[in-house]
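Inside the fold
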Amino acid sequence: MGRLFKQYLNGPRIYSCSNCRCHTSDHDEIVSKAFQGRHGRAYLFNRVVNVTLGPKEDRLLITGLHTVADIYCSCCQQVLGWKYEQAFEESQKYKEGKYIIEKAKMVKEGSW
């Protein structure tokens, strides 16, 4: 195992892993706050940092069948949410390449 490279974000409003406080995304990257995760509310992000991807799998979600990959905090390995790899319904294609992070798995840092 090599040296862990952590990316630090420079914004006034940052989201971090609730377990280890490793930065995960900037507030400006939020697409929507109206999503549902496994453990409650979740946010859809355009871009995240300091995460690793699990294997792709087809998962039947509330909005239909999607190919997703779980995302893990690269520092502590906690499951944070998932990445949408493919949406099978045309109305859901906008999610492809975007990330879900569950609200319960992140904390706010900075000047809120």
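Every chain begins its residue count from 1, and numbering advances along the sequence as written. Two thresholds apply to this predicted model, a pLDDT of at least 70 for residue-level local features and 80 or more for giving and counting side-chain atom pairs, whereas whole-chain, interface and lining totals are computed over all residues. The side-chain numbers reported here are obtained from all heavy atoms of the structure, hydrogens and water having been left aside.

1. Points about the environment of Thr63
This is how the line gets drawn: Numbering of helices and strands starts at the N terminus; helices are DSSP runs of H or I of at least 4 residues and strands are runs of E of at least 2. Partly exposed describes any residue whose relative accessible area lies between the buried limit of under 20% and the exposed limit of over 50%, with all areas from a 1.4 Å probe on protein chains only and scaled to the type maximum. The criterion used for residue contact is that any of the two residues' heavy atoms lie within 4.5 Å.
As for its position among the elements, Thr63 is in the loop between strand 5 (51-61) and strand 6 (64-73). What makes Thr63 partly exposed here is its relative accessible area of 31%. Among residues more than four places away in sequence, those in contact with Thr63 are Glu89, Gln92 and Lys95.

2. Things to note about a positive patch on the surface
The line we're drawing: Exposure above 30% relative accessible area and no salt bridge define the residues that can form patches, which grow by joining like charges within 9 Å and nonpolar side chains of Val, Leu, Ile, Met, Phe, Trp and Tyr within 5 Å. Only the protein chains shown count as cover for residues, and the accessible areas themselves come from Shrake-Rupley with a 1.4 Å probe. A pair is scored as a salt bridge if a Lys or Arg side-chain nitrogen falls within 4 Å of a carboxyl oxygen belonging to Asp or Glu. None of His or the chain ends enter the tally, which takes Lys and Arg as positive and Asp and Glu as negative. A single reference atom marks each charge: NZ on Lys, CZ on Arg, CG on Asp, CD on Glu.
Positive charge collects at one region of the surface, where Arg13, Lys33, Arg41, Lys103 and Lys108 lie side by side. One can find Lys103 in the loop between strand 8 (99-102) and strand 9 (106-110).

3. Some details on the pattern of salt bridges
Across all of its chains, the model carries 5 salt bridges by this definition. A salt bridge links Asp70 to Arg38, with the shortest nitrogen-to-oxygen separation between them at 3.1 Å. Highlighted residues: Asp70 in strand 6 and Arg38 in the loop between strand 3 (30-37) and strand 4 (40-45), separated in sequence by 32 residues. Of the charged contacts in the structure, one is a salt bridge between Arg59 and Glu57, with a shortest N-O distance of 3.1 Å. Relative accessible area serves as the criterion here: at 37%, Glu57 is assigned to the partly exposed category. Salt bridges sharing partners connect three or more residues here, namely Arg38, Glu57, Arg59 and Asp70.

4. Re the pairing of strand 4
The following threshold applies: Strand pairing is assigned whenever DSSP identifies at least 2 bridges connecting the two strands.
In terms of burial, strand 4 is a largely internal element, 5 of the 6 residues being buried. In this sheet, strand 4 lies alongside strand 3 in antiparallel orientation, the contact comprising 5 bridges. Opposite Ile30, over in strand 4, you have Phe45 as the bridge partner. Taking the residues that link successive antiparallel strands as the turn, the strand 3-strand 4 hairpin has 2 residues. Both strand 4 and strand 8 contribute to a ladder of 4 bridges, which runs antiparallel. Pairing of Phe45 across the sheet is with Tyr99, part of strand 8.

5. Section: the sheet that holds strand 7 (residues 79-87)
Quick reminder of the rule: Under this scheme, a helix contributes an axis fitted over its contacting stretch, all axes are lines through C-alpha atoms, and angles between N-to-C directions fall in the 0 to 180 degree range.
Spatial strand order, 3-4-8-7-6-5: 6 strands in an open sheet with antiparallel pairing. Because the sheet does not close on itself, it has two edges, and the strands there are strand 3 and strand 5. Neighbour-to-neighbour, the strand axes of this sheet turn through a mean angle of 30°, independent of strand direction. One ladder, built from 3 bridges, connects strand 7 with strand 8; its direction is antiparallel. Directly across from Gly81, in strand 8, lies its bridge partner Ile101.

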